[in-house]
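Next come the chains, spelled out residue by residue.
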Amino acid sequence: MNDKLENKADELKGRAKEAVGNATDNEQWQAEGKAEQGTSHLKQAAEKVKDAFKSTKD
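Bear in mind that the values here come from a model prediction, so they are computed numbers and not experimental data.

### Remarks on the overall build of the protein chain
Moving on, step 1. Helices and strands together make up the secondary structure of the protein chain, namely two helices and zero strands.
Moving on, step 2. Radius of gyration (C-alpha) of the protein chain: 14 Å, far over the 10 Å computed for a compact globule of 58 residues.
Moving on, step 3. Roughly 4500 Å² of accessible area belongs to the protein chain as shown, and the carbon and sulfur atoms make up 57% of that amount.
Moving on, step 4. Charged side chains of the protein chain number 11 positive and 12 negative; the gap between the two group centres comes to 5 Å.

Printed below as a string of structure tokens:
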């Protein structure tokens, strides 16, 4: 459960960084924010797969 919360927090941090980048026309922050969101989405997908295997195992 803790990993899921950390992944969601990383996603929100990425969204915030991208928003600040958009507001200030800072392309580096925009790119970093998008990258953080992408990494977070991959981690969330991995957690879903792990949960699916757990439920089929039980």
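### Quick word on the packing of helix 1 (residues 2–24) against helix 2 (residues 27–57)
Moving on, step 1. Their axes nearest at 7 Å, the elements helix 1 and helix 2 cross at an angle of 160°. The orientation of helix 1 relative to helix 2 falls into the category roughly antiparallel. Crossing hand, helix 1 versus helix 2: left-handed.
Moving on, step 2. Along the lines of polarity and charge, the residues of the contact of helix 1 with helix 2 split into two nonpolar, 10 polar and 16 charged.

### Structural notes on helix 2
Structural remark: α-helix, 3.6 residues per turn; residues separated by three or four positions point the same way.
Moving on, step 1. Look at helix 2: 45 Å from first C-alpha to last across 31 residues, which is about the 45 Å you get at 1.5 Å a residue.
Moving on, step 2. Buried within helix 2 we find Gln30, Gly33, Gln37, Ser40 and Glu47.
Moving on, step 3. The elements touched by buried residues of helix 2 are helix 1.
Moving on, step 4. For helix 2, the capping residue at the N-terminal end is Asn26, with a side-chain oxygen 3.1 Å from the backbone nitrogen of Gln28.

About the cut-offs
Residues numbered from 1 in each chain as written. Predicted model: local features only at pLDDT ≥ 70, side-chain atom pairs only at ≥ 80, totals over all residues. Heavy atoms only, no water. Helix = DSSP H or I, 4+ residues; strand = E, 2+ residues; numbered from the N terminus. Rg over C-alpha atoms; globule rule 2.2 N^0.38 Å. Areas by Shrake-Rupley, 256 points an atom, 1.4 Å probe, with all protein chains shown as cover. Lys, Arg positive; Asp, Glu negative; His and termini not counted. Charge placed at Lys NZ, Arg CZ, Asp CG, Glu CD. Axes fitted to C-alpha atoms, helices over the stretch in contact; angles between N-to-C directions. Parallel < 35°, antiparallel > 145°, perpendicular 65-115°, else oblique. Left-handed = near helix turned anticlockwise from the far one by under 90°. Nonpolar A, V, L, I, M, F, W, Y, C, P; charged D, E, K, R; others polar. Expected span 1.5 Å × (residues − 1). Buried < 20%, exposed > 50% of the residue type's maximum accessible area, 1.4 Å probe, protein only. Contact = heavy atoms within 4.5 Å. Polar contact = N/O pair within 3.5 Å; in protein donor to acceptor, adjacent residues only side chain to side chain.

So, to be careful, I would describe these as geometric facts and stop short of saying anything about function.
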